[in-house]
Amino acid sequence: MNWFTRVRNSLGFGSEKKSTEKDLWIKCKSCQEMLFFQEFEENLSVCPRCDHHGRIGADARLELLLDPGFEVLPLPRVTEDPLKFRDTKKYTDRLKAARAANPHEDAFVVGSGTIEERPAVVGVQDFAFMGGSMGMAVGQAFVEGAEKAIERRCAYVVVTAAGGARMQEGILSLMQMPRATVMTRRLKQAGLPYIVVLTDPTTGGVTASYAMLGDVQISEPGALIGFAGQRVIQDTIREQLPEGFQRAEYLLKHGMVDMVVHRRDLKATLANVLDYLQPVKAA
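Residues numbered from 1 in each chain as written. Predicted model: local features only at pLDDT ≥ 70, side-chain atom pairs only at ≥ 80, totals over all residues. Heavy atoms only, no water.

A. Focus on the overall build of the chain. Secondary structure summary: the chain contains twelve helices and nine strands in total. Taking 19 Å as the expected radius of gyration for a compact globule of 283 residues, we find that the chain reaches 21 Å, a close match to that expectation. In terms of principal-axis extent, the alpha carbons of the chain reach across some 80 × 50 × 45 Å. Sequence-distant contacts, at least 24 apart, represent 66% of the contacts inside the chain between residues at least 6 apart. By element, 54% of the accessible surface of the chain is carried by carbon and sulfur atoms, the whole surface being about 15,400 Å². Both charge centroids of the chain, one from 35 positive and one from 35 negative side chains, sit 6 Å from each other. (Helix = DSSP H or I, 4+ residues; strand = E, 2+ residues; numbered from the N terminus. Rg over C-alpha atoms; globule rule 2.2 N^0.38 Å. Contact = heavy atoms within 4.5 Å. Areas by Shrake-Rupley, 256 points an atom, 1.4 Å probe, with all protein chains shown as cover. Lys, Arg positive; Asp, Glu negative; His and termini not counted. Charge placed at Lys NZ, Arg CZ, Asp CG, Glu CD.)

Set out below in structure tokens:
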């Protein structure tokens, strides 16, 4: 370290530059362009150059979809680390680290309010919390969100983003798949809409259960949607997969999703869908 570097660091110039660069710029993961972070954020975390949809957190998603004044439901309390699981770290330590880095206690957050004055309950999976993995807390939050929709007699909208089941909870994590599936049946029996918004990425057990059971399936552009990974599928069938396989546009073309909607148009689109599906009270 030369004298100039020592003086600069002692005056705080080095740390200030690092902080400024982090706060001002972000690289698009698709086109690799450097973007002003403020411009990127004001554009709903969508790249203004190539239209790549970046990932956003649960709070930002709820604010995007619900009208101001919505209520966030408390996260349900479940047994933590029921299997006393440990790999390179204890599961409890992984939970502590995830909670320290995120605003919520787990990966599924439910908001109750309105979408352009149409009553709705919106559940959002946050990929930033342990890859949005589906554990007991996620399953219970999904169930309570559906129960809230039934109580309010309104639509249940779920925004998915997950790497699949949470391996640290084993079979208890996999049991959330049938639990969530039962709740989608209860919504149907009650005559209430269940709408799924698929975002990048939606994979594994989430795709194999509630992510693909919506009355209407909407996806953001370019979202990765699938069960197994492309490499696993390719090695299994021993064939080259087509270009764009497991992306939203490919699934739209092959009938697995109903529409691909830009993030800026998502709220208005949901409002239109609710007008078609929401039960109308008799005069």
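B. Molecular detail of the packing of helix α4 (residues 58-65) against helix α12 (residues 266-277). At their nearest, the axes of α4 and α12 sit 8 Å apart, and the two run at 55° to each other. By the angle between their axes, α4 is oblique relative to α12. Mapping the contact onto sequence places R61, L64 and L65 in α4 and L266, K267 and L270 in α12. (Axes fitted to C-alpha atoms, helices over the stretch in contact; angles between N-to-C directions. Parallel < 35°, antiparallel > 145°, perpendicular 65-115°, else oblique.)

C. Spotlight on helix α6 (residues 136-152). Over its 17 residues, α6 extends 24 Å from the first C-alpha to the last, a length consistent with the 24 Å expected when each residue adds 1.5 Å. Taking burial as the measure, the 17 residues of α6 include 13 buried ones, the bulk of the element. Trailing α6 by a residue or two, R153 shows a phi angle of about 60°, which is positive. (Expected span 1.5 Å × (residues − 1). Buried < 20%, exposed > 50% of the residue type's maximum accessible area, 1.4 Å probe, protein only.)

D. Inspection of the sheet that holds strand β3 (residues 71-72) at higher detail. Taking strand neighbours across the sheet as the criterion, the seven strands line up as β3-β4-β5-β6-β7-β8-β9 in an open arrangement whose pairing is mixed. The open sheet has two edge strands with one neighbour each: β3 and β9 (259-260). Bridge count between strand β4 (residues 108-115) and strand β5 (residues 118-125): eight bridges; the pairing is antiparallel. Bridged to T114 within β5 is P119. (Pairing = 2+ DSSP bridges.)

E. Looking closely at the side chain of T203. Among the structural elements, T203 can be located in the loop between β7 (194-202) and α9 (204-207). A residue is classified by how much of its surface remains accessible, and T203, at 16% relative accessible area, is buried. Reaching out from T203, the side chain makes a polar contact with the backbone oxygen of G163 at a distance of 3.4 Å. (Polar contact = N/O pair within 3.5 Å; in protein donor to acceptor, adjacent residues only side chain to side chain.)

F. Local environment of unusual backbone geometry. D200 connects to P201 through a cis peptide bond whose omega is -10°. Topologically, P201 is positioned in strand β7. In the Ramachandran plot, K84 falls in the positive-phi region, its phi being about 50° despite a non-glycine side chain. For K84, the position within the fold is in the loop between β3 and α5 (91-101). With relative accessibility at 67%, the residue K84 sits in the exposed group.

G. Spotlight on the nonpolar core. Counting 37 residues, the largest nonpolar core has F108, F142, Y156, V158, L187, Y194 and Y210 as its most contacted members. Contributions of two or more residues to this core are made by α5, β4, α6, β6 (155-162), α8 (176-189), β7 and α11 (248-253). Examining the composition of this core, we find that seven residues originate from one element, α6, more than from any other. Apart from residues no more than four positions distant in its own chain, F142 is found in contact with F108, Y156, V158, A180, M183, T184, Y194 and Y210. Listed in part, the 24 residues of the second largest apolar core include L62, L65, V159 and A271. (Core = buried A, V, L, I, M, F, W, Y, C linked by side-chain atoms within 4.5 Å.)

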